[in-house]
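Observations on the model geometry
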Amino acid sequence: MAGPGRLGLVVNPWAGIGGPVGLKGSDGAATLDRARRLGAVPVAPRRALQMLAALRSSDPPPLITYPAEMGADTAAEAGLDHGVLGSIEAGDTTAEDTMRAATELTNSGVDLLAFVGGDGTARDVLDAVGTEVPVIGVPAGVKMHSSVFALNPRRAAEVIAAYLDGRTGTRPGEVMDIDEDMARAGRLSAELHGYLRVPDQPRLVQGTKSPSRRSADASGIARRLVEEMDPETCYILGPGTTVRAITDAMGIDKTLLGVDAVYRGGLVGRDLAESQLLELADAYPCKVVVAAVGGQGYVLGRGNQQISPGVIGKVGAANIMILATTEKLTALAGPLRVDTGDPECDRSVAGYRRVITGPDQDSVVRVEA
């Protein structure tokens, strides 16, 4: 490649909007409408801005994007020169707009297409351009099971620079997605939809989420936590089978993919949104219990956006309890990760932290922002 290549950017402005309000996704007009009625605000433009700000700090490549909230607004806010293609109805964009943007940017001859969104956006890009052009996802969705996303927006900028400078090739990245209606009913079923070409930067691009299963270690961790619970502390319990083992041991019916809370041995909140967690943190001394995502290692910022930087600020980073079976940690072969969307919050959680790995054992594991 002679000289810096051209970067295409498409932002799905509604990606991730359902996360903080507990909707387990943002796909479809009905979900978007519900998220708005619950007071949710867009998160994808902020994630795009974080990526572009990191890109601007080096030698930014020529940038071409789509109008208004699909990229041009954020590029302007970041102070980057950019070209604009196409047209949209601002404030009312759809998956069809994402697919059209991806197609037109690809046809314009960009060398790399960056998209800001989640698994649903990755599917739209796959349907639009397939493997015609290399892509990199900037994580802004709720689920992000796919292995086409950078670890966070800052790392996305590093991936972009490495590829456009000719320092790396590409590899196939899996596009995975779940049925959001099934997820809201507590049943998780991820499906492979195909592959996109992504820059071959395994240290900077997340892996595919691996399925969770209940193990003897998880049950032992649960029994230990129940025995050690302080009756005067409210425990905010993140999603996943490892955490749900705690409420199973207590005889309480917890949501599999939601965030629940227990106090004095009883359920005080089920499938809670960020606003409800903030109220609990005002009312009680709280601890947050989260488990590492299999295959990726995230403890915050993937599927549990209800546990927001605001909630963490009230509870205190020191009061976050991390669970991970020894089997899961061994399979990761790397650090745990946090990506809340707030760099200051991420830094407060990062570092070497105690991880509960069994009924009678802990490990000290690095958590990376």
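Refer to the structure above for everything that follows.
Every value quoted in this text rests on a predicted model; they were computed, and no experiment measured them.

1. Quick word on the overall build of the protein chain
Counting its secondary structure elements, the protein chain contains 13 helices and 16 strands. Expected size for 369 residues packed as a compact globule is a radius of gyration near 21 Å; at 20 Å, the protein chain falls within 12% of this value. Oriented by its inertia axes, the alpha-carbon framework of the protein chain measures out at about 60 × 40 × 35 Å. When each of the 369 residues of the protein chain is scored for burial, the buried share is 56%.

2. Topic: helix α5 (residues 119-129)
Counting buried positions over the 11 residues of α5 gives nine, a clear majority of the element. What α5 keeps buried is the set Asp 119, Gly 120, Thr 121, Ala 122, Asp 124, Val 125, Leu 126, Ala 128 and Val 129. Directly beyond the C-terminal end of α5, a positive phi value near 55° is found at Gly 130.

3. Brief notes about the environment of Phe 115
Structurally, Phe 115 can be placed in strand β4 (residues 112-117). Residue Phe 115 is classed as buried on the basis of its relative accessible area, which comes to 0%. A C-alpha to C-alpha distance of 24 Å links Phe 115 and Pro 309, two positions 194 residues apart in sequence. For Phe 115, the residues in contact, after removing those within four places along its chain, are Val 10, Thr 121, Ala 122, Val 125, Val 135, Ile 136, Gly 137, Val 138, Val 148 and Phe 149.

4. Regarding the nonpolar core
Counting residues in hydrophobic clusters, the biggest one holds 32 residues, and the most contacted among them are Leu 277, Val 290, Leu 300, Ile 307, Ile 320, Ile 322 and Leu 336. Excluding residues within four positions of it along the chain, Leu 277 makes contact with Ile 236, Val 259, Leu 272, Gln 306, Ile 307 and Val 311. With 28 residues, the next largest nonpolar core counts Val 138, Ala 150, Ala 156 and Tyr 163 among its residues.

5. Focus: the pattern of salt bridges
Scanning all chains against the criterion turns up 15 salt bridges. A salt bridge links Arg 167 to Asp 165, with the shortest nitrogen-to-oxygen separation between them at 3.4 Å. Both residues of the pair, Arg 167 and Asp 165, belong to the exposed class. Where Glu 232 meets Arg 264, a salt bridge forms, and the shortest distance between an N and an O atom there is 2.9 Å. Placement of the pair is Glu 232 in the loop between α8 (216-228) and β8 (234-237) and Arg 264 in the loop between β9 (260-263) and β10 (266-269), with a sequence separation of 32 residues. Exposure remark for Glu 232: the relative accessible area of 39% places this residue in the partly exposed category. Salt bridges here are not isolated pairs; linked through shared partners, they connect Arg 224, Glu 228, Arg 354 and Asp 362.

6. Focus: the packing of helix α2 (residues 44-56) against helix α6 (residues 153-164)
Remark: α2 packs on α6, axes separated minimally by 8 Å, with the N-to-C direction vectors making an angle of 45°. Comparing the axis directions of α2 and α6 gives the class oblique. Both α2 and α6 take part in a crossing whose hand is right-handed. For the pair formed by α2 and α6, the contact residues are Arg 47, Gln 50, Met 51, Ala 54 and Leu 55 on the first element and Pro 153, Arg 154, Ala 156, Ala 157 and Ile 160 on the second.

7. Topic: the pairing of strand β5 (residues 135-139)
On any regular strand, side chains alternate: one points to one face of the sheet, the next to the other face. Counting buried residues along β5, five of its five residues qualify, which places the element largely inside the surrounding structure. Both faces of β5 are covered, namely the face carrying Val 135, Gly 137 and Pro 139 and the face carrying Ile 136 and Val 138. Pairing geometry for β4 and β5, over five bridges, is parallel. Note on β5: the bridge partner recorded for Val 116 is Val 138. Between the parallel pair β4 and β5, the chain is carried across by α5, and the sense of this crossover is right-handed.

Definitions and limits used
- Residues numbered from 1 in each chain as written.
- Predicted model: local features only at pLDDT ≥ 70, side-chain atom pairs only at ≥ 80, totals over all residues.
- Heavy atoms only, no water.
- Helix = DSSP H or I, 4+ residues; strand = E, 2+ residues; numbered from the N terminus.
- Rg over C-alpha atoms; globule rule 2.2 N^0.38 Å.
- Buried < 20%, exposed > 50% of the residue type's maximum accessible area, 1.4 Å probe, protein only.
- Contact = heavy atoms within 4.5 Å.
- Core = buried A, V, L, I, M, F, W, Y, C linked by side-chain atoms within 4.5 Å.
- Salt bridge = Lys/Arg side-chain N within 4 Å of Asp/Glu carboxyl O.
- Axes fitted to C-alpha atoms, helices over the stretch in contact; angles between N-to-C directions.
- Parallel < 35°, antiparallel > 145°, perpendicular 65-115°, else oblique.
- Left-handed = near helix turned anticlockwise from the far one by under 90°.
- Pairing = 2+ DSSP bridges.
- Right-handed = clockwise from strand over helix to strand, strands pointing away.

Everything listed here is a matter of coordinates, which is why it stays silent on function.
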